[in-house]
Amino acid sequence: MSSLSPLDGKVAIVTGSGRGLGLAYAQELARQGAAVVINDIDQATAAEAVATIEAEGGRAVAVAAPVGPTETAQLLVRTAVETFGRLDILVTNAGVLRDTVLWKMSDDDFDTVINVHLRGTFTCVREAASWMRANEVAGRIICIGSPTGQRGNFGQTNYAAAKAGIVGMVRTWALELKKAGITANAVIPVAATAMTATVPYFAAAVEADAAGEPMPAFFRHDLGFGTSDDVAGLIAYLASDDAAGVTGQAIGIGGDRLQVWSHPEPVVTAYHDGGWSFDDLAADFTEVTDNLQSVGEKFPPLPDELQRP
Ligand SMILES: NC(=O)c1ccc[n+]([C@@H]2O[C@H](COP(=O)([O-])OP(=O)(O)OC[C@H]3O[C@@H](n4cnc5c(N)ncnc54)[C@H](O)[C@@H]3O)[C@@H](O)[C@H]2O)c1
């Protein structure tokens, strides 16, 4: 590996990096020079990811443990420091889905998703940021959101709560960690992985990818839907010294498309002297009804040639 690689000498943890997007992030961080702590729930999957990175000339170590509990966060940071001597970058990527409509969602469906995504992000970032502050490392915290957290999605109460919560925490951490020179950003990815392979709308793109062919331009360009590798470059860039001035952002990436998400802003501000009583609102609610905001993501209709049965 060249001594001029941008992440030379840096050490990263990527949660849920045995496969999918997390593995692509870990591979790209290693290609750019970082040593990587791979984490997943399954020992064999994590070990395979380490072997893949080592075969490409990178350095990696596996930690098989479920994120969520504080003990796992502590184990991840301890492994980074004991194996590679320090910690510069944390990517909180581990995730699961338990999709179903609100009235069928069990307590377990809700708790499982919140525990892995939201609590797992909180415990890992708390541990990593504490180490970085104590050791005066101007580190990088990169958390993974979703279009669902930004706009809502049918059948994803638990996931929407977790992903919106992650972006809210990132904004808070950008404030709290600024003085220490640690950046905190959210990446909103879209890519063909095990998580999206079963969505019928994406079938033609997943099919092309599995056949080793480029995905149709409609997916890459119009939908911002591509491969895991299309997302990985942004993760490595945000981890680099070049991105020192980027913090508190939510950045969408997928296929050929990159987007900067706005943070929620009031679109209308109206005043009523003495406050807004029920009667005032009943007399005139047009400030709201004239400015209703949309919910959910709007997908364009699939072109005929990309329709699958
Ligand atoms: N694929 C997409 O288009 C997309 C879109 C938006 C957000 N995301 C987010 O990106 C992340 C990765 O998604 P993916 O599509 O690669 O999914 P994936 O299912 O292919 O990979 C997720 C990985 O996390 C691991 N994991 C699950 N629970 C874990 C736990 N408790 N501790 C450690 N590892 C655990 C899984 O074993 C798996 O290897 C998730 O946070 C997901 O919500 C993905």
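Criteria and thresholds
- Residues numbered from 1 in each chain as written.
- Predicted model: local features only at pLDDT ≥ 70, side-chain atom pairs only at ≥ 80, totals over all residues.
- Helix = DSSP H or I, 4+ residues; strand = E, 2+ residues; numbered from the N terminus.
- Rg over C-alpha atoms; globule rule 2.2 N^0.38 Å.
- Buried ≥ 20, exposed ≤ 12 C-beta atoms within 10 Å, placed from the backbone.
- Contact = placed C-beta atoms within 7 Å.
- Near = placed C-beta within 6 Å.
- Nonpolar A, V, L, I, M, F, W, Y, C, P; charged D, E, K, R; others polar.
- UniProt positions renumbered as here; feature names shortened; annotations may be inferred.
- Pairing = 2+ DSSP bridges.
- Axes fitted to C-alpha atoms, helices over the stretch in contact; angles between N-to-C directions.
- Core = buried A, V, L, I, M, F, W, Y, C linked by C-beta atoms within 7 Å.
- Parallel < 35°, antiparallel > 145°, perpendicular 65-115°, else oblique.
- Left-handed = near helix turned anticlockwise from the far one by under 90°.
- Expected span 1.5 Å × (residues − 1).

Focus on the overall build of the protein chain
Then, number 1: The helix and strand tally for the protein chain stands at eleven helices and eight strands.
Then, number 2: Computed over the C-alpha atoms, the radius of gyration of the protein chain is 21 Å, within 12% of the 19 Å expected from 2.2 N^0.38 for a compact globule of 309 residues.
Then, number 3: With 309 residues in all, the protein chain has 42% of them scored as buried.
Then, number 4: In the protein chain, 69% of the contacts between residues at least 6 apart in sequence involve partners at least 24 apart.

Some thoughts on the site of the ligand
Then, number 1: Of all residues adjacent to the ligand, which total 28 residues, the nearest are Gly 16, Gly 20, Gly 95, Thr 193 and Met 195.
Then, number 2: When contributions to the shell around the ligand are tallied by element, the ones reaching two or more residues are α1 (20-31), β2 (35-40) and α4 (107-134).
Then, number 3: Considered class by class, the residues forming the shell around the ligand number 13 nonpolar, 13 polar and two charged.

Quick look at the UniProt feature "domain: Ketoreductase" (unreviewed entry) in the protein chain
Then, number 1: In this structure's numbering, the residues bearing the UniProt feature "domain: Ketoreductase" (unreviewed entry) are residues 10-193.
Then, number 2: Within residues 10-193, the helical portion is 51% and the strand portion 17%, while the C-alpha atoms at the span's ends are 27 Å from each other.

Overview of the sheet that holds strand β1 (residues 11-14)
Each strand in a sheet pairs with another by means of backbone hydrogen bonds, the pair being arranged parallel or else antiparallel.
Then, number 1: Pairing within the open sheet is mixed, and its eight strands lie in the order β3-β2-β1-β4-β5-β6-β7-β8. Of all strands in the sheet, those with a lone pairing partner are β3 (59-64) and β8 (257-260), marking the two edges. Each strand of the sheet is rotated relative to its neighbour by a mean of 20°, with strand direction disregarded.
Then, number 2: Judged from the six bridges that link them, β2 and β3 form a sheet pairing that is parallel. Following the sheet pairing, Val 36 is matched in β3 by Ala 60.
Then, number 3: Across the sheet, α1 touches β1, β2, β3, β4 (89-92) and β6 (183-189), and the angle it forms with β1 is around 175°.

Some points on the nonpolar core
Then, number 1: Counting 80 residues, the largest nonpolar core has Ala 12, Ala 26, Leu 29, Val 36 and Ile 235 as the members making the most contacts within it.
Then, number 2: Residues within four places of Leu 29 in sequence aside, it is in contact with Leu 7, Ala 12, Val 14, Ala 34, Val 36, Ile 89, Ile 235, Ala 236 and Ala 239.

Some thoughts on unusual backbone geometry
Then, number 1: The backbone of Glu 136 shows a phi angle near 50°, a positive value even though the residue is not glycine.
Then, number 2: With respect to the helices, strands and loops of the structure, Glu 136 is situated in the loop between α4 and β5 (140-144).

Things to note about the packing of helix α3 (residues 70-84) against α4
Then, number 1: For the pair α3 and α4, the least separation of the axes is 8 Å and the interaxial angle reads 40°. If you check the angle between α3 and α4, you find them oblique. Crossing of α3 over α4 shows right-handed handedness. Contact residues: α3 offers Thr 70, Ala 73, Gln 74, Leu 76 and Val 77, while α4 offers Thr 123, Cys 124, Arg 126, Glu 127, Ala 128 and Trp 131.
Then, number 2: Among the residues making up the contact of α3 with α4, the classes are represented as six nonpolar, three polar and two charged.

Quick look at the environment of Lys 178
Then, number 1: As for its placement among the helices and strands, Lys 178 is situated in the loop between α6 (157-177) and β6.
Then, number 2: The partly exposed category is assigned to Lys 178, around which 13 C-beta atoms lie within 10 Å.
Then, number 3: In the structure, Lys 178 is positioned 40 residues away from Ala 138 in sequence and 9.4 Å away in space, judged by C-alpha atoms.

Brief notes about the environment of Trp 103
Then, number 1: Residue position: Trp 103 is located in the loop between β4 and α4.
Then, number 2: The exposure class assigned to Trp 103 is exposed, which follows from the 6 C-beta atoms found within 10 Å.
Then, number 3: Distance in space between the C-alpha atoms of Trp 103 and Gly 155 is 9.7 Å, their sequence separation being 52 residues.

As for α6
Note: α-helices contain 3.6 residues per turn, so residues at a spacing of three or four share the same orientation.
Then, number 1: When the terminal C-alpha atoms of α6 are compared, their 30 Å separation across 21 residues agrees well with the 30 Å that a helix rising 1.5 Å per residue should span.
Then, number 2: All buried positions along α6 are accounted for by Thr 157, Asn 158, Tyr 159, Ala 160, Ala 162, Lys 163, Ile 166, Val 167, Val 170, Trp 173 and Leu 177.
Then, number 3: In this structure, the buried side of α6 is in contact with α4, β5, α5 (147-151), β6 and β7 (250-254).

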